[in-house]
Each structure stands twice: as structure tokens, then as C-alpha cells.
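Take a look at the letters that make up each chain.
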Amino acid sequence: MRIDKYLAHMGFGTRKEVKSLLKSGGTRVNDDVIKSPKVHVDAEHDVITVQGEIVEYRQFIYLMVNKPGDLISATEDADEMTVVDILEPEDHLFHPFPVGRLDKDTEGLLLLTNNGQLSHRLTSPKKEVGKTYVADIEGHVTQEDVEAFSRGVTLDDGYHTKPARLQVIESGEVSRIELVITEGKFHQVKRMFESVGKRVTYLKRTQMGELALDEALDPGEYRELRDEELDYLFELTNME
Ligand code: URA
């Protein structure tokens with residue numbers, strides 16, 4: 001990879017800024033001062049320093065977003081703002097994409113990464129990673145609904161869902177529930193409630209497996225995953 005691209009990728013500024021940084025002469029690759037932006041480096045094996053500080057090689061990025069209910073889970077869209085539009089430029093450079101999808105009006109935990117393998121494993125139906133949602137439902141959610149969900153319900157297209165754990169937190173004219181599902185069919189939570197004649201009026205994802213949304217993040221905020229959170233996801237998906 002060209003050194004200018006690499007340094008931009010590592011957060012040293014735009015390609016133009018990196019070019020003048022290189023010109024200033026403080027960049028070395030294996031002890032050779034490099035001034036040309038065109039020089040190719042092996043980022044994994046070469047020792048690259050800027051003003052005497054080693055630039056640690058970094059390939060992947062893992063972000064936890066508290067998705068607000070007005071962004072779409074995509075990397076680009078002609079008309080709408082996407083979750084990657086809220087990222088700082090230095091995070092954008094890694095080209096992260098959403099791990100699975102949340103509906104535009106769904107809030108909460110969304111991971112962004114550029115690690116395709118991890119993303120694939122987290123969303124694979126085979127892995128059965130539990131996704132926990134909190135929702136408001138119009139009308140009373142009953143014990144019958146809890147039992148129906150535990151057996152699986154039949155959606156509008158005839159698909160019978162896997163068993164899901166429904167807990168009623170508060171039953172009333174608007175009920176608050178928590179639901180854990182291990183699949184990710186299109187509009188699954190909304191369609192599961194439709195199958196029992198009820199409507200979801202608010203939906204938020206709070207967990208993927210044991211990884212919980214950091215409640216210190218306001219909607220629209222994000223942070224990098226902590227080491228222990230990433231270790232957990234790697235273990236969960238049997239990644240090296
Ligand atoms: N189920 C839904 O209906 N919507 C989501 O965004 C996620 C799960």
C-alpha cells in the first residue's frame with residue numbers, strides 16, 4: 001500500500017495533509033527517511049515511524065453505535081442519512097459497514113466494522129446469536145403471547161420463527177416488553193407482533209449476545225468497542 005494512503009488510514013490527516021507531513025521529513029520506514037507519497041510499504045511488517053513514534057498497524061475497526069430512529073443502516077443512500085454519515089472522518093477511512101440491519105425507525109445497538117468475517121458470523125442464522133429488543137406494543141401483551149412466542153409464530157409469508165423469549169415488563173394500554181430472538185428476518189419483531197394482532201410503536205435493540213448497548217451513548221453517539229467486548233464477540237463467533 002502507498003505510504004500516503006496508509007498514513008491517512010491511520011489518522012494522520014487527508015492524503016494532501018499526509019503529503020506535506022512526508023515532505024517535512026519526519027517519516028521513516030525501517031530507518032530510511034521517506035518523503036515521497038508514492039513509496040509502497042508493507043504495513044504489517046515494515047517499521048514505520050512519524051516524528052520518532054511507531055505507527056501501530058491497524059486493519060480493522062469495531063464501533064458500537066446507539067442508532068437514532070432516523071438513520072438507515074447502510075453505507076450510502078441517495079436520499080437518506082445513513083449510520084456511517086455520523087462517523088468522524090478518521091473512522092470513515094476504514095470503510096466500516098453495519099453488522100446486519102435495523103429498520104430506520106429502530107433505535108439502539110448497531111455494530112459497525114470493516115471485518116467482513118466477524119460480521120458474517122454474527123449475523124449467520126447458524127450461530128443463533130441472541131438479539132435483545134425492548135419495545136412498546138399497543139394493547140395488552142398476554143401470557144398467551146409469551147407462550148406463542150416460545151413455540152415460534154407464523155409470519156405473514158408463512159415462515160415459522162424459532163422459539164423466542166418474550167418477557168412482559170409492563171402490561172397496559174401500551175405494554176413494554178423485552179424480546180430475545182436468534183434470527184434476523186426482515187422486520188422480524190414487528191411481524192412477530194403482527195402475527196398475534198399487535199403493533200410495535202417503539203423498538204430498540206439493547207443487546208447482541210451478552211454485548212450490551214452502552215447506555216452512556218446518546219442516540220447518534222458511538223465509540224470503539226473495548227478490548228473485552230471485542231474478545232467476547234470473537235469468542236462468541238469462534239474467531240481466532
Ligand atoms: N425487528 C424489526 O421489526 N425491526 C428491526 O429493526 C429489528 C428487528
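Residues numbered from 1 in each chain as written. Predicted model: local features only at pLDDT ≥ 70, side-chain atom pairs only at ≥ 80, totals over all residues. Heavy atoms only, no water.

**Details of the pattern of salt bridges**
At step 1: If you walk through the whole model with that rule in mind, you get 16 salt bridges.
At step 2: Between Glu128 and Lys162 there is a salt bridge, and its shortest N-O distance comes to 3.4 Å. A residue pair is termed long-range when its members are at least 10 positions apart, and Glu128 in the loop between helix H4 (116-123) and strand S8 (131-138) and Lys162 in the loop between helix H5 (143-151) and strand S9 (165-170) qualify at 34 residues.
At step 3: Linking Glu215 and Lys204 is a salt bridge whose minimum nitrogen-to-oxygen distance equals 3.5 Å. (Salt bridge = Lys/Arg side-chain N within 4 Å of Asp/Glu carboxyl O. Helix = DSSP H or I, 4+ residues; strand = E, 2+ residues; numbered from the N terminus.)

**Considering helix H2 (residues 15-23)**
At step 1: The set of residues buried in H2 consists of Val18, Leu21 and Leu22. Along the axis of H2, the buried residues cluster in a sector spanning 95°; they form a single face. Seen from the buried face of H2, the exposed residues on the opposite side, beyond 90 degrees, are Lys16 and Lys23.
At step 2: Considering only its buried residues, H2 is in contact with helix H1 (3-9), strand S1 (27-29) and strand S3 (48-50).
At step 3: Looking one or two places after H2, you find Gly25, whose phi comes out positive at around 90°. (Buried < 20%, exposed > 50% of the residue type's maximum accessible area, 1.4 Å probe, protein only. Arc of directions from axis to C-beta. Contact = heavy atoms within 4.5 Å.)

**Quick notes on the domain arrangement of the protein**
At step 1: Considered domain by domain, the protein is made up of domain 1 (3-54), domain 2 (62-125 + 211-236) and domain 3 (131-208).
At step 2: Using C-alpha coordinates to define each centre, domain 1 is positioned 29 Å away from domain 2. (Domains from an automatic or database assignment.)

**Structural notes on the site of the ligand**
At step 1: Around the ligand sit Leu102, Asp103, Thr106, Tyr133, His187, Gln188, Val189, Lys190 and Leu203, and those are all the residues in its vicinity.
At step 2: In this structure, an oxygen atom belonging to the ligand sits 2.7 Å away from a main-chain N or O atom of Asp103.
At step 3: A distance of 3.1 Å separates an oxygen atom of the ligand from a polar backbone atom of Lys190.
At step 4: Bound to the protein, the ligand loses 96% of the 240 Å² it would expose on its own.
At step 5: Counting residues per element, the shell around the ligand draws most heavily on helix H6 (residues 188-195), which supplies three residues.
At step 6: When its residues are assigned to classes, the shell around the ligand shows four nonpolar, three polar and two charged.
At step 7: Here the shell around the ligand gathers at least three residues from each of two domains, domain 2 (62-125 + 211-236) and domain 3 (131-208). (Near = heavy atom within 4 Å. Polar contact = N/O pair within 3.5 Å; in protein donor to acceptor, adjacent residues only side chain to side chain. Areas by Shrake-Rupley, 256 points an atom, 1.4 Å probe, with all protein chains shown as cover. Nonpolar A, V, L, I, M, F, W, Y, C, P; charged D, E, K, R; others polar.)

**Focus on the pairing of S8**
Regular strands have side chains that alternate between both faces of the sheet.
At step 1: With respect to burial, S8 is a largely interior element, seven of its eight residues being buried.
At step 2: Pairing geometry for S8 and strand S11 (residues 200-208), over seven bridges, is antiparallel. By the bridge assignment for S11, Asp136 is matched with Tyr202. (Pairing = 2+ DSSP bridges.)

**Here we look at unusual backbone geometry**
It is generally the case that most residues other than glycine have a negative phi and that most peptide bonds are trans.
At step 1: Although it is not a glycine, Gln51 sits at a positive phi angle of roughly 45°.
At step 2: Note that Gln51 resides in the loop between S3 and strand S4 (53-54).
At step 3: For Gln51, a relative accessible area of 55% gives the class exposed.

**A closer look at the pairing of strand S7 (residues 107-113)**
At step 1: Extensive coverage of S7 is indicated by the burial of six of its seven residues.
At step 2: In the sheet, strand S6 (residues 97-98) pairs with S7 via two bridges, with the strands oriented antiparallel. Bridging across to S7, Phe97 finds its partner in Thr113.
At step 3: Alignment of S7 against S11, held across two bridges, turns out to be parallel. Across the sheet, the residue bridging to Gly108 is Arg205, located in S11.

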